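Coordinates in review
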Amino acid sequence: MSRRAPGRKARQGGGDYDQVEQAASKQSRFPDTLSSICIVFECDDAEHNALLGHGGKSAASISRQIRQPLVDKLRAADLLVREACSRDKDEMFVIVSASAKRQKHVAEIMGQRGLLKLRFRQQDEDGNIEPNEGAWCPFKAHLQPLYEPSREGMLFSSLTQLRILEYIINDEDELAMGPQMVQKDQLEPGNTPLDQLIKDKKAKIVFRLHSKEMREFLIQNWVWSWKNRQPIEEIREYFGEKIALYFVWLGYYTTMLWIPALVGIVLTFSQVYSHITTGSMDNPWVPLYSCFITVWAIVFITGWKRIEQTYQYEWDTMTYEEDEEDRKEFIQNPHTRQRHSEYKDEVVRYADETWQMIALATSAVVVCSFIGAVVAAVCGIALIKFRIIQHLEPYGLSMVGKMCGGLMQATSIMIFNRIYQVVLKLLTDFENWQTETQYEDARIAKDFCFKLVNAFFACFFVAFVQNNFEVYGVNMHCPEWHCMQELTGTLASVFAIQMTVAQVLEVGLPIFKNRMRIRQEEMTIRKQMEEDGGDLNAIMPELSEEEAQSKMDAYEGVFAEYQEMVVQFGYVTLFAAAFPLTAFLALINNLVEIRTDAYKLLQGLQRPKYLCAADIGTWQVILDILSTCSILTNCALVGFTSHGLFFYFPNMNPVERVWITIICEHCLLLFKAVLDALLNSPPKEAVEAYHRRCFLRDKVLAECQFLEPEEKDAPFFTDDE
């Protein structure tokens, strides 16, 4: 019995290009309810000339001879296929989708494998649907009326449709009856058929098309909406749990920043008043603000842990990391070993321990070398700034020297960051981690070790080194041995410059690169028209949606976004006493950051693949470490760098000063430990709601058990529609 759909005729290769173009022009687009994947193929010179009408036949085109059998296989697999060429006729876009009937068949297979879950519909006493209140259940076709529809109005959201479509195209399961574009014996270990097509240079790129309606909805209700809350459920349905969880965290962080921002503004006014009346910005409120910001950081992190656990129960992601698959790069790495599992009847892969230890040792040496280079650079820049101030001070221009020093420190930080990110990826790849979570955790750990020094050592140098040590044989002590004002200037300049540059590059760079590609293509088309003797004033053909999205960069994950925000959190908390306005500036930045990140995802980048996560991973540990460090740095700032303690203990001697600082620091550490212990368990309401949903789900499944078809894994056939 054939596994192909009867009556489904594969399109024969060959034929005149005029006929192909005429047929393509008559093709209707897929319904907006169907999501699509686009496979981009390059056209060789013969096909390019034929499409331009310069002569040539299809038989002479090698690119078409490669592409057409693949397109035929996609159609024979009962997939919807549409072909379109780029406006400069050098690329062919093969847009693939699946009918609703096909999706349901494959969704049930994925549900049986535990790969696809949908929410059950939950109704109140009046029969109204209660959104997000149903339990998650593997998809079963006979239970279709019981599932909650997606926010897009369909049974399957556009993201779920893309997951189903990739499952079919990549031949994940024989029962899904994929197109078998690449035979299994020709696949390199870890590669999917789509990966192999790109590796063999048969296809140029593969990307997922954005959903027009949902993208417009998110732009209106997320990017340009400043008053309403973020549509988190819609974000999860469109991008997946990992990206949604980032925006949950960013929204929570931004909301919590309102408190230190308002308090910081009040403290800044009091410091300005103190400076006017006494000539010093020290006042009795500075030590209190330092204690406040450390308590705020502890409460912020503890509160986030509970919110994160709530979403784990709501999205049913508690066991995600247990189900992770091996990374493609891990499978293909020559230092990956295999053994037969004693407990499972399967082959288990593992990393060569000796090689991984060598790789980890190499990474440690490289990271330490970078840290040493940063320390040397910061000290060198401090010396240059000191010399500039010495030369400009007689002219009353010492502020210019301080601004130059801040600019140089910020520039040095950004340059080191850019270089280190390249090295960081190479080192983490070199270590050969098995799962995506392990890989990301290792990358974050190395990044934090470097960032802790690169981002904050310039401020640490001014606060604790400049007055107490000679650097390169030069005593660079602060005026009157009081470094708080200089620390304020350094922190303000470094933070403001980095924040501004990051915002501009984060959104502007992808859009600029995209527009430059389009501009270059238009110049090529104009040149071709000139060679052909055409009208140079003719209107340039518009870009199709698939061609416009093919020009965009691929999404690289949430690593860079978390990295930027965690460093910002460090600036807000570690040196709070020096520049209380940091929290206010961070708040303004984050209100914009939410929208720019959303705009970049929707308009500046290709649609990401489905990404799931149970938590924010090692970033949680990093935030915990920073909150502990903030206790130490703020206590040290108040105790040794500023003179704030003298407002409360005017007659204290140096020994008493040390003891008071240590006591404050121990009290704050004790508060952190107690709060962590008290609020370590998941929220009771979330756990109870989860168990209630599971109980109702099991009850419904038991009642509907008689509806389940007896025949399992039956061959799938469709008739021509």
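Structure: above.
Residues numbered from 1 in each chain as written. Predicted model: local features only at pLDDT ≥ 70, side-chain atom pairs only at ≥ 80, totals over all residues. Heavy atoms only, no water.

1. Digging into a nonpolar patch on the surface
Where nonpolar side chains cluster on the molecular surface, the patch consists of Phe-640, Val-655, Val-658, Trp-659, Ile-662 and Ile-663 and spans about 570 Å² of accessible area. Per-element tally for the nonpolar patch: the top contributor is helix α21 (residues 654–678), with 5 residues. Mapped onto the elements, Phe-640 comes out in helix α20 (residues 618–641). (Patch = residues over 30% accessible without salt bridge, like charges linked within 9 Å, V, L, I, M, F, W, Y side chains within 5 Å. Areas by Shrake-Rupley, 256 points an atom, 1.4 Å probe, with all protein chains shown as cover. Salt bridge = Lys/Arg side-chain N within 4 Å of Asp/Glu carboxyl O. Helix = DSSP H or I, 4+ residues; strand = E, 2+ residues; numbered from the N terminus.)

2. Focus on the packing of helix α10 (residues 285–315) against α21
Direction vectors running N to C along α10 and α21 enclose 15°, while the axes themselves pass 10 Å from each other. Considered as vectors, α10 and α21 are oriented roughly parallel to each other. The hand of the α10/α21 crossing is right-handed. When α10 is examined against α21, the residues Cys-291, Thr-294, Val-295, Ile-298, Val-299, Thr-302 and Lys-305 are found in contact with a partner set consisting of Leu-668, Phe-671, Lys-672, Leu-675 and Asp-676. Split into classes, the residues belonging to the contact of α10 with α21 amount to 7 nonpolar, 2 polar and 3 charged. (Axes fitted to C-alpha atoms, helices over the stretch in contact; angles between N-to-C directions. Parallel < 35°, antiparallel > 145°, perpendicular 65-115°, else oblique. Left-handed = near helix turned anticlockwise from the far one by under 90°. Contact = heavy atoms within 4.5 Å. Nonpolar A, V, L, I, M, F, W, Y, C, P; charged D, E, K, R; others polar.)

3. Observations concerning the packing of aromatic side chains
Counting across every chain of the model gives 33 aromatic pairs. When the ring of Trp-296 is compared with that of Phe-569, the centres are 6.1 Å apart and the planes differ by 35°; the resulting orientation is tilted. Here Trp-296 is found in helix α10, whereas its partner Phe-569 is found in helix α18 (residues 559–574), with 273 residues between them in sequence. The same class applies to Trp-296 as to Phe-569, namely buried. Seen in terms of ring centroids, Trp-355 and Phe-430 are 5.1 Å apart; in terms of plane orientation they differ by 75°. Their pairing is edge-to-face. Placement of Trp-355 in helix α12 (residues 353–392) and of Phe-430 in helix α13 (residues 398–431) is noted, with a sequence separation of 75 residues between them. The class for Trp-355 is partly exposed, based on a relative accessible area of 23%. (Phe/Tyr/Trp six-rings, centres within 6.5 Å; stacked < 30°, edge-to-face > 60°. Buried < 20%, exposed > 50% of the residue type's maximum accessible area, 1.4 Å probe, protein only.)

4. Digging into the pairing of strand β2 (residues 80–85)
Here β2 lies mainly inside the structure; 5 of its 6 residues are buried. Bridge analysis of β2 against strand β3 (residues 91–97) gives 6 bridges, and the strand direction is antiparallel. Its bridge partner being in β3, Glu-83 is matched across the sheet by Val-94. (Pairing = 2+ DSSP bridges.)

5. What to know about unusual backbone geometry
Here Met-177, not a glycine, exhibits a phi torsion of approximately 55°, which is positive. Here Met-177 shows up in the loop between α5 (158–169) and α6 (193–199). Taking the relative accessible area as the measure of exposure, Met-177 reaches 7% and is therefore buried. Here Gln-180, not a glycine, exhibits a phi torsion of approximately 50°, which is positive. Mapping Gln-180 onto the fold places it in the loop between α5 and α6.

6. Remarks on the pattern of salt bridges
Under the defined criterion, the tally for this structure stands at 33 salt bridges. Across the pair Glu-188 and Lys-199 runs a salt bridge whose closest N-O atoms are separated by 2.9 Å. Of the two residues, Glu-188 is situated in the loop between α5 and α6 and Lys-199 in helix α6; the sequence distance between them amounts to 11 residues. Look at Glu-188 and you get partly exposed, because its relative accessible area is 30%. Note that Arg-337 is salt-bridged to Asp-352, the shortest N-O span being 2.9 Å. Taken together, the positions of Arg-337 in strand β7 (residues 336–340) and Asp-352 in the loop between β8 (347–351) and α12 put the pair 15 residues apart, joining distant regions of the chain.

7. Here we look at the side chain of Asp-88
Structurally, the position occupied by Asp-88 is in the loop between β2 and β3. For the buried residue Asp-88, which engages in no salt bridge, the nearest side chain bearing the opposite charge is Lys-551, 5.5 Å off. A polar contact of 2.7 Å, which involves the side chain of Asp-88, links it to the side chain of Ser-86. With sequence-adjacent residues up to four places away left out, Asp-88 is seen in contact with His-48, Glu-521, Ile-525 and Glu-547. (Lys, Arg positive; Asp, Glu negative; His and termini not counted. Polar contact = N/O pair within 3.5 Å; in protein donor to acceptor, adjacent residues only side chain to side chain.)

8. Details of the packing of α18 against helix α19 (residues 582–604)
Packing of α18 against α19 leaves a shortest axis separation of 11 Å and a crossing angle of 170°. Here α19 runs roughly antiparallel to α18, going by the angle between their axes. Counting all contacts with α18, which are made through Glu-561, Glu-564, Met-565, Gln-568, Tyr-571 and Val-572, the residues of α19 involved are Thr-582, Ala-583, Ala-586, Asn-589, Asn-590, Glu-593, Asp-597 and Lys-600.

9. Some remarks on helix α22 (residues 684–703)
Over its 20 residues, α22 runs 29 Å from end to end, which matches the ideal 28 Å to within 8%, given 1.5 Å per residue. Looking at the buried residues of α22, the elements they touch are β5 (136–138) and α10. (Expected span 1.5 Å × (residues − 1).)

10. Quick notes on the state of the cysteines
For the structure on display, the rule yields 0 disulfides. Sulfur of Cys-635: no disulfide; nearest cysteine sulfur belongs to Cys-664 and is 5.8 Å away. Of the residues examined, Cys-635 reaches a relative accessible area of 9% and is grouped as buried. Free of any disulfide, Cys-704 has its nearest cysteine sulfur in Cys-137, 9.9 Å distant. (Disulfide = S-S within 2.5 Å.)

11. Details of the environment of Ile-109
Mapped onto the elements, Ile-109 comes out in helix α4 (residues 100–112). By relative accessible area, Ile-109 is classed as buried at 5%. Along the chain, Ile-109 and Pro-138 lie 29 residues apart, while their C-alpha atoms are 9.6 Å from each other. Excluding its chain neighbours within four sequence positions, the residues that come into contact with Ile-109 are Tyr-167, Asp-173, Leu-175 and Ala-176.

12. Some points on the environment of Arg-693
Turning to its location among the elements, Arg-693 is positioned in helix α22. Sequence separation between Arg-693 and Glu-133 is 560 residues, and the spatial gap between their C-alpha atoms is 7.2 Å. Setting aside anything within four residues of it in sequence, one finds Arg-693 in contact with Asn-132, Glu-133, Gly-134, Ala-135, Tyr-313 and Glu-314.

13. Overview of the sheet that holds β2
Strand order in this open sheet of 4 strands is β2-β3-β1-β6, and the pairing throughout is antiparallel. Every other strand in the sheet has two partners, leaving β2 and β6 (205–208) as the edge strands with one partner each. The average undirected angle you get between the axes of adjacent strands in this sheet is 20°. Where α5 meets the sheet, it contacts β1 (37–42), β3 and β6, and its direction lies at approximately 50° from that of β1.

14. Topic: the nonpolar core
Membership of the largest hydrophobic core comes to 103 residues, with the highest contact counts inside it found for Trp-249, Tyr-253, Trp-296 and Phe-461. In terms of residues, this core owes the most to one element, helix α9 (residues 241–278), which gives 14 residues. What Tyr-253 contacts, discounting residues up to four positions off in sequence, is Trp-296, Phe-300, Met-565, Gln-568, Phe-569, Val-572 and Asn-590. Residues Leu-79, Val-106, Phe-120 and Phe-139 belong to the second largest nonpolar core, which totals 38 residues. (Core = buried A, V, L, I, M, F, W, Y, C linked by side-chain atoms within 4.5 Å.)

15. Here we look at the environment of Thr-628
Its place among the elements puts Thr-628 in helix α20. Owing to a relative accessible area of 26%, Thr-628 belongs among the partly exposed residues under this scheme. For the pair formed by Thr-628 and Ala-297, sequence separation is 331 residues and the distance between their alpha carbons is 8.9 Å. The contacts of Thr-628, once residues within four sequence positions are left out, are Leu-669 and Lys-672.

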